[in-house]
Amino acid sequence: MAYIVDFKNVSTVGLESSPVAETLAGLRANEARYFMNKYNHVFTTVPASESQEDLDYAHRILREERNIEFAAKPLETSRFQVENIQFTYVFYEDGLSINVMYTVDDPKKRAVGFKLSEGMEIPKELEPKFKFARQKSKLAGTIRGSFFVIKGEY
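It should be emphasised that the depicted structure is a prediction, and the values quoted were computed from it without experimental measurement.

## Observations regarding the sheet that holds strand β2 (residues 44-47)
If you trace the eight strands from one edge of the open sheet to the other, you get β1-β2-β3-β4-β5-β6-β8-β7, paired in antiparallel fashion. In this open sheet, the two strands that pair with only one neighbour each are β1 (3-4) and β7 (133-137). When strand β4 (residues 85-92) meets strand β5 (residues 96-103), the two strands line up antiparallel, connected through seven bridges. Looking at β5, one finds that threonine 88 is bridged to valine 100. Of the strands in this sheet, β1, β2, β3 (74-82), β4, β5, β6 (110-116), β7 and β8 (141-149) touch helix α1 (residues 21-39), which is tilted by about 165° from β4. Helix-sheet contacts for helix α2 (residues 52-66) involve β3, β4, β5, β6 and β8, and the interaxial angle to β4 is about 95°.

Next up, the structure:
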């Protein structure tokens, strides 16, 4: 069942099994606020168990571009298009969030972003390959993020 992410009243709905459920919920709400403010888009997630196609798409890009396969359990996904950009999000039980930003008409503006919830360790699959920048969020505390540019066609 789809869940409309509320960025005013942060909820752990769908993320309860995460050891960092509160900060992961804040990270998810932070993304929802961004999309509402920038694109007037309502950010909605669905359980990973109901969105295998979206998981397969994101995991294929990770595997083919960087040979990355996460051990963590995916909890939720979100897939949508705003303007000319397709977005796919996966929220994992360990507190990791990935997003695939795929510009439909500009192959130079395609990337995979990683965001780590406050309180989680850097996943072994990303260390030491990526450097993480920090950003403060009222909803999520300190978010650590990194990314890589997508070179292939998906």
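## Some details on the packing of aromatic side chains
Summed over all chains, the structure comprises 19 aromatic pairs. In this structure an aromatic cluster arises from ring pairing among Tyr34, Phe35, Tyr39, Phe43, Phe80, Phe87, Tyr89 and Phe91. Sitting above the plane of the tyrosine 57 ring, arginine 79 keeps its charged end 4.0 Å from the centroid. Sitting over the ring of tyrosine 102, arginine 110 keeps its end group 3.9 Å from the ring centre.

## A look at the environment of histidine 59
Checked against the element boundaries, histidine 59 lands in helix α2. It is 25 Å that separates the C-alpha atoms of histidine 59 and glutamate 22, two residues lying 37 residues apart in sequence. The residues touching histidine 59, leaving out its near neighbours within four places in the chain, are Pro74 and Tyr92.

## Quick word on α2
Over its 15 residues, α2 runs 21 Å from end to end, which matches the ideal 21 Å to within 8%, given 1.5 Å per residue. For α2, the set of buried residues is Asp54, Leu55, Tyr57, Ala58, Ile61, Leu62 and Glu65. Along the long axis of α2, the arc covered by the buried residues comes to 165°, so they all point the same way. Packing partners of the buried residues in α2 comprise β3, β4, β5, β6 and β8. In the stretch just after α2, asparagine 67 is the one whose phi turns positive, near 55°.

## Describing the pairing of β7
As defined by bridge partners, β7 adjoins β8 across five bridges and the pair is classed as antiparallel. Considered in β8, the bridge of serine 137 is made with glycine 141. Adjacent in sequence and paired antiparallel, β7 and β8 are bridged by three residues.

## Regarding the side chain of asparagine 99
Following the sequence through the fold, asparagine 99 ends up in strand β5. Excluding anything up to four places from it in sequence, asparagine 99 contacts Thr88, Tyr89, Ala111, Val112 and Gly113.

## Comments concerning the pairing of β2
Alignment of β1 against β2, held across two bridges, turns out to be antiparallel. From the neighbouring strand, tyrosine 3 faces β2, where its bridge partner is threonine 45. Across two bridges, β2 lies against β3 in antiparallel orientation. Note on β3: the bridge partner recorded for proline 47 is glutamate 76.

Cut-offs and rules
- Residues numbered from 1 in each chain as written.
- Predicted model: local features only at pLDDT ≥ 70, side-chain atom pairs only at ≥ 80, totals over all residues.
- Heavy atoms only, no water.
- Pairing = 2+ DSSP bridges.
- Helix = DSSP H or I, 4+ residues; strand = E, 2+ residues; numbered from the N terminus.
- Contact = heavy atoms within 4.5 Å.
- Axes fitted to C-alpha atoms, helices over the stretch in contact; angles between N-to-C directions.
- Phe/Tyr/Trp six-rings, centres within 6.5 Å; stacked < 30°, edge-to-face > 60°.
- Lys NZ or Arg CZ within 6 Å of the ring centre and 35° of its normal.
- Expected span 1.5 Å × (residues − 1).
- Buried < 20%, exposed > 50% of the residue type's maximum accessible area, 1.4 Å probe, protein only.
- Arc of directions from axis to C-beta.

Geometric values such as these leave the question of function open.
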